[in-house]
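# Descriptive analysis of the structure
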Amino acid sequence: MDTQAIPVPFVKSKQILVGPVILLGAPGAGKGTQAKRISDHYGIPQISTGDILRDNISRGTQLGKEAKELMENGHFAPDQLVCQMVADRLAQPDCARGYILDGFPRTVVQSEWLDDYLAENHCFRTEHGCKPLVVIQLVVEYNKLLRRLTGRRTCPTCGRIFNNNTSQRSLVEGVCDVDGSALVTRKDDRDDVIMERLKNYENQTLPLVKYYAQRHRLTDIDGAAELEFISAEAFKAIEHVDSV
Ligand SMILES: [Zn+2]
């Protein structure tokens, strides 16, 4: 049978208006994996402030130059600068049906800016109003996060990530399944660094969680559940949000 002749099914998810989506989750909560799944499912871009910063710096834009100078002197890029770069990026045509924000907003000031930006620019307007922001938090219990993070091993040759403490473990402990290289623990995944990352995350994110919970924008999903279940819950949250 000629498999080429099978018609591609009509993929509705790639045509619907998604709107802005924010994913919150501690390191190890599976944010990266779910962001990729949502991005693929709807055909919308994943907007990372890290990527935007690097892009502005490499293109030598005015914003990039300012950010570079600040960061070289050991400062974070200030809210105003980050917000301007995000605004430039969100105005690109690939963001017209929606996008997933990764690493933004990071502060309540940035959250407020985003609310104003979406309102002022009448983003994602439909006949029923504008599609509001959907904020999804992947919730994973602290000890589970710790187990996931401390089990992570990376292949220095092909970059694949394995995990001694989950179903993603390598066939032979400490050895890459693909190329047989000895797996290593990245600096980010060492115990002391992990504790610090989790603490920082909590301090930084708690105010955002409160901000969105008060505005009834927050959907919590059990990040320890099966991947498919988490994605299905995320799609539900994204598609069933009422316009405002
Ligand atoms: Zn490898």
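Owing to the predicted nature of the structure, the values given are computational and were not obtained by experimental measurement.

## Side note on unusual backbone geometry
Peptide bonds are, in most cases, trans, and in most cases residues other than glycine have a negative phi. Cis geometry is adopted by the peptide bond preceding Pro105, which originates at Phe104 and carries an omega value of -10°. Following the sequence through the fold, Pro105 ends up in the loop between β3 (98–102) and α5 (108–120). One non-glycine residue, His122, lies in the positive phi region at around 45°. Here His122 is to be found in the loop between α5 and β4 (125–126).

## Some remarks on the pairing of β3
Consecutive side chains along a regular strand alternate between the two faces of the sheet. Counting buried positions over the five residues of β3 gives four, a clear majority of the element. Here strand β1 (residues 19–25) runs beside β3; their pairing, made up of four bridges, is parallel. Directly across from Gly19, in β3, lies its bridge partner Gly98.

## Things to note about helix α1 (residues 31–42)
Look at α1: 17 Å from first C-alpha to last across 12 residues, which is about the 16 Å you get at 1.5 Å a residue. On its buried face, α1 sits against β1, β2 (46–48), β3, β6 (134–139) and α8 (227–239). At the C-terminal side of α1, Gly43 shows a positive phi close to 65°.

## Remarks on the pairing of β6
Counting buried positions over the six residues of β6 gives five, a clear majority of the element. For β1 and β6, the ladder comprises five bridges, and the chain directions are parallel. Each residue of the ladder has a partner; that of Val21, found in β6, is Val134. Here five bridges tie β6 to strand β9 (residues 218–222), and the two strands are oriented parallel to one another. Bridge assignment links Leu138 to a residue of β9, and that residue is Ile221.

What counts and how
Counting restarts for each chain, with residues numbered from 1 along the sequence as it is written. Local features in a predicted model are, by the rule used here, given only for residues with pLDDT of at least 70; side-chain atom pairs are given and counted only at 80 or more, and totals for whole chains, interfaces and linings are based on all residues. Helix numbering and strand numbering both begin at the N terminus, where a helix is a DSSP run of H or I of at least 4 residues and a strand a DSSP run of E of at least 2. To assign burial, the other C-beta atoms lying within 10 Å of each residue's own C-beta are counted, with C-beta atoms placed from the backbone; 20 or more indicates buried, 12 or fewer indicates exposed, and intermediate counts indicate partly exposed. Strands are treated as partners if at least two bridges between them are detected by DSSP. Expected span of a helix: the number of residues minus one, times 1.5 Å. Working definition of a contact: two residues with C-beta atoms, positioned from the backbone, lying within 7 Å.

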